[in-house]
Amino acid sequence: KQEVTQIPAALSVPEGENLVLNCSFTDSAIYNLQWFRQDPGKGLTSLLLIQSSQREQTSGRLNASLDKSSGRSTLYIAASQPGDSATYLCAVRPNDYKLSFGAGTTVTVRA
Amino acid sequence: SAVISQKPSRDICQRGTSLTIQCQVDSQVTMMFWYRQQPGQSLTLIATANQGSEATYESGFVIDKFPISRPNLTFSTLTVSNMSPEDSSIYLCSVEVGTGMGYTFGSGTRLTVV
């Protein structure tokens, strides 16, 4: 059974600092990995999708890396802003389509 | 990617009653997924809804408690039946438009049972 772990569980940084969020998974036989953002009481917004054959994806200030063999992904957010405050979830898709989610990292960016 | 319209966005319900949540997708999809997110927890898959067949429920979830309809390739409903305070959660629907193309989620239904 796929286990997905996100460290740290919470993170508080001053505005402008770079954020590093970690995701690890136990079974390397994945189809892809997806990072989401969730605001309190809301749904999930997709940030980045990395296919199993890719090493990284970038979108604006966001960069996600994937090391499938070691079961790790890292989400980097450059020059953080108060609007980046949210919970960030990583989800691993195996070949059978059922996503496995981490518990999330709750980020607070202080103005 | 797909766009999902989910209704209602939130509701406060009396125990013992039922609530039906709707999800409308702007494209045809084979499977729609229903999740529950309990307070402070991550997402748990309730069931997978296929058009024209019974939904497939995950361990710990039963059809009598969470009946699902899937009348066509763009629409699904989840009903939370005979509610108790333990059912207070965020409920979300999700689709994957193409295999490996990433998942899109609805905006969620925040349910409080009193």
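The present account deals with the structure reproduced in this document. Everything numeric in this text was worked out from a predicted model, so none of it was measured.

Let's shift gears to the pattern of salt bridges. Side chains bearing opposite charge may pair, as long as their charged atoms lie close to each other. Residues and elements named next belong to chain B. Overall, the coordinates contain six salt bridges over all chains when judged by the stated rule. Asp-87 serves as the salt-bridge partner of Lys-65, at 2.6 Å between the closest nitrogen and oxygen. Of this pair, Lys-65 sits in the loop between β6 (56-57) and β7 (68-72) while Asp-87 sits in the loop between β8 (75-80) and β9 (89-96), and the two are 22 residues apart along the sequence.

A separate point is the pairing of strand β1 (residues 4-7) of chain B. All names here are of chain B. Burial of β1 is one-sided: the residues Ile-4 and Gln-6 facing one way are buried, the residues Ser-5 and Lys-7 facing the other way are not. Pairing of β1 with strand β3 (residues 19-25), which is carried by four bridges, proceeds in the antiparallel orientation. Pairing of Lys-7 across the sheet is with Gln-22, part of β3.

This brings us to the packing of aromatic side chains. Applying the stated criterion across every chain, the model contains nine aromatic pairs over all chains. Ring geometry for B:Tyr35 versus B:Phe105: centroids 5.5 Å apart, planes at 45°, classification tilted. With B:Tyr35 in strand β4 (residues 31-37) and B:Phe105 in strand β10 (residues 103-105), this residue pair connects regions lying 70 residues apart in the sequence. With respect to class, B:Tyr35 is no different from B:Phe105; both count as buried. A cation sits over an aromatic face here: A:Arg93 above A:Tyr31, 4.6 Å from the ring centre.

Residue and element names in this part refer to chain A. Along strand β9 (residues 86-93), eight of the eight residues are buried, which leaves the element largely enclosed by surrounding structure. Burial along β9 is two-sided: the residues Ala-86, Tyr-88, Cys-90 and Val-92 and Thr-87, Leu-89, Ala-91 and Arg-93 are all buried. Where strand β4 (residues 32-38) meets β9, seven bridges bridge the pair, whose relative direction is antiparallel. Within β9, the position partnered with Asn-32 by the bridge is Arg-93. Pairing between β9 and strand β10 (residues 100-101): two bridges, direction antiparallel. Looking at the pairing, Val-92 lines up with Ser-100 of β10. Remark: six residues form the turn of the hairpin made by β9 and β10, two consecutive strands paired antiparallel; Tyr-97 in that turn has positive phi of roughly 75°.

Moving on: the sheet that holds strand β6 (residues 56-59) of chain A. Residues and elements named next belong to chain A. Pairing is antiparallel across the open sheet formed by five strands, whose spatial order is β1-β3-β8-β7-β6. Of all the strands in the sheet, the pair left with one neighbour each is β1 (4-7) and β6. Each adjacent strand pair in this sheet contributes to an overall mean axis angle of 15°, direction not counted. Bridge count for strand β3 (residues 19-25) against strand β8 (residues 72-77) is six bridges, and the pairing is antiparallel. Each bridged residue has a counterpart across the sheet, and for Cys-23 the counterpart in β8 is Ser-73.

The next thing to look at is the interface of chain B and chain A. Tallying the contact residues gives 22 residues for chain B and 20 residues for chain A. Of the roughly 1600 Å² buried at the junction of chain B and chain A (both faces included), carbon and sulfur atoms supply 55%. In this assembly, chain B and chain A are joined by two salt bridges. One salt bridge connects B:Glu96 with A:Arg93, and the closest N-O pair in it is separated by 2.7 Å. Along the contact surface separating chain B from chain A lie nine residue pairs in polar contact (both at pLDDT 80 or more). Secondary structure elements with two or more residues in the side of chain B that touches chain A: β4, β5 (43-50), β9 and β10 of chain B.

The next subject is unusual backbone geometry. All names here are of chain A. The omega angle of the peptide bond from Ile-7 to Pro-8 is 0°, so this bond is cis rather than trans. Looking at the element boundaries, Pro-8 is found in the loop between β1 and β2 (10-14). Residue Ala-79 is not a glycine yet carries a positive backbone phi of 45°. Located in the positive-phi region is Tyr-97, a residue other than glycine, with phi close to 75°. In this fold, Tyr-97 is placed in the loop between β9 and β10.

Reading the values: rules and limits
Residues take numbers from 1 onward in each chain, read along the sequence in its written order. Following the order in which they are written, the chains are lettered starting with A and the ligands numbered starting with 1. Where local features are concerned, this predicted model is filtered to residues with pLDDT of at least 70; where side-chain atom pairs are given and counted, the filter is 80 or more; whole-chain, interface and lining totals use all residues. In computing side-chain values, all of the structure's heavy atoms are included and hydrogens and water are not. Whenever Lys or Arg places a side-chain nitrogen within 4 Å of a carboxyl oxygen from Asp or Glu, that contact is recorded as a salt bridge. Strands are runs of DSSP state E lasting at least 2 residues, helices are runs of H or I lasting at least 4, and numbering of each runs from the N terminus. Remark: exposure states derive from per-residue accessible area (1.4 Å probe, protein chains only) relative to the maximum for the residue type, with buried under 20%, exposed over 50%, and partly exposed in between. Strand pairing is assigned whenever DSSP identifies at least 2 bridges connecting the two strands. We call Phe, Tyr and Trp rings a pair once their centres come within 6.5 Å, taking the six-membered ring for Trp, and we label the pair stacked below 30 degrees between planes, edge-to-face above 60, and tilted otherwise. A positively charged side chain is recorded as over a ring if its NZ (Lys) or CZ (Arg) lies within 6 Å of the ring centre. The angle to the ring normal must also be within 35 degrees. Inter-axis angles, ranging from 0 to 180 degrees, are taken between N-to-C directions of lines fitted to C-alpha atoms, where helices are fitted over the stretch in contact. Whether two residues touch is decided by their heavy atoms; if any such pair falls within 4.5 Å, the residues are in contact. When two parts are brought into contact, each loses some accessible area as probed by a 1.4 Å sphere; the total of that loss over both is the buried area. A 3.5 Å cut-off defines polar contacts: any pair of N or O atoms within that distance qualifies, except that in protein one atom must be a possible hydrogen donor and the other a possible acceptor, and neighbouring residues in sequence count only when both atoms are side-chain atoms.

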